[in-house]
Amino acid sequence: MPGTTPYKQNWNALAATEESALLHVAGYADEAKLREATDITLEMLRITIGIQPDDTMLEIGCGVGRVGEHLAPLVRTWIGCDVADNMLKHAARRLAAHTNVQLVATNGYDLQAIPDASIDAVYCTVVFMHLEEWDRYAYVREAYRILRPGGRFFCDNANLESEEGWKLFQASAAFPPDSRPQHLSRCSTVPEITTYLRRAGFQNVQTITPGVWVVGWGRK
Ligand SMILES: C[S@@+](CC[C@H](N)C(=O)[O-])C[C@H]1O[C@@H](n2cnc3c(N)ncnc32)[C@H](O)[C@@H]1O
């Protein structure tokens, strides 16, 4: 169907129920563990791009609203974008108590519903491993377009150069090419992330590599 990407079909299927959605977002459906993981994500955002009370913040690939649930009370407006309408349904329920939240369905490769220069901070966490490299870069460019001058961008992925990232790579490589599942996580490297951010126009591009992650951020 024109306008439909494999991302949409795959992720709508994975998010058919809330439990299945949580399993594919986090690997578990335990709310206490989810909260612990979210505290780590919030801390990562604080030490990289910062979280300001006046911010309009947008998440690319927001899933069930794991981060939005706890970020919305800290900012002026939180916008969650996702390719899967089913994810957004779960997010709408999770975020129902918040009046400063908007949910937007994407086509899987751009943010066309979001006006130019309208957002203070954009982040994308635990999503790049599910995207083709071209689509990662497409979202970095879209983030640049929708950010106000001085706006901040954050992204992460599993780091191929870490021990855990290499294990992930080997686990995927173990599938014979003719029977690879549609969902295999794909790592990034520091030069890949740095290149996307710089090529998109971001300034002050920085990276860190905590544990399995490569984290990149920059300013428009
Ligand atoms: C592992 S989950 C992470 C969700 C959320 N960022 C979090 O950390 O809780 C990956 C999310 O990316 C979304 N996604 C996958 N491909 C996408 C694409 N091409 N464009 C936008 N979202 C996408 C999925 O629907 C899913 O909600």
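About the cut-offs
Residues numbered from 1 in each chain as written. Predicted model: local features only at pLDDT ≥ 70, side-chain atom pairs only at ≥ 80, totals over all residues. Heavy atoms only, no water. Helix = DSSP H or I, 4+ residues; strand = E, 2+ residues; numbered from the N terminus. Rg over C-alpha atoms; globule rule 2.2 N^0.38 Å. Buried < 20%, exposed > 50% of the residue type's maximum accessible area, 1.4 Å probe, protein only. Contact = heavy atoms within 4.5 Å. Areas by Shrake-Rupley, 256 points an atom, 1.4 Å probe, with all protein chains shown as cover. Phe/Tyr/Trp six-rings, centres within 6.5 Å; stacked < 30°, edge-to-face > 60°.

1. Let's talk about the overall build of the chain
Okay, step 1: Helices and strands together make up the secondary structure of the chain, namely eight helices and seven strands.
Okay, step 2: Over its C-alpha atoms the chain spans a radius of gyration of 16 Å, differing by no more than 12% from the 17 Å that the globule rule assigns to 220 residues.
Okay, step 3: Considering only C-alpha atoms, the chain reaches an extent of 50 × 40 × 40 Å along its principal axes.
Okay, step 4: For the chain, the residues scored as buried account for 50% of the 220 residues in total.
Okay, step 5: In the chain, 69% of the contacts between residues at least 6 apart in sequence involve partners at least 24 apart.
Okay, step 6: Total accessible area on the chain is roughly 10,700 Å²; 53% of this is exposed by carbon and sulfur atoms.

2. Thoughts on unusual backbone geometry
Okay, step 1: If you check the backbone angles, Val-126 has positive phi at about 60 degrees while not being a glycine.
Okay, step 2: Turning to its location among the elements, Val-126 is positioned in the loop between strand S4 (119-124) and helix H6 (133-146).
Okay, step 3: Val-126 gets classed as partly exposed once you look at its relative accessible area, which sits at 29%.
Okay, step 4: Positive phi, normally seen in glycine, also occurs at Asn-204, with a value near 50 degrees.
Okay, step 5: Mapping Asn-204 onto the fold places it in strand S6 (residues 203-208).
Okay, step 6: Look at Asn-204 and you get exposed, because its relative accessible area is 53%.

3. Focus on the packing of aromatic side chains
Okay, step 1: Across all of its chains, the model carries four aromatic pairs by this definition.
Okay, step 2: Centroid distance Tyr-144 to Phe-202: 5.1 Å. Interplanar angle 85 degrees. Geometry classified as edge-to-face. Highlighted residues: Tyr-144 in helix H6 and Phe-202 in the loop between helix H8 (190-200) and S6, separated in sequence by 58 residues.
Okay, step 3: With a centroid separation of 5.4 Å and 20 degrees between ring planes, the pair formed by Phe-153 and Phe-202 is classed as stacked.

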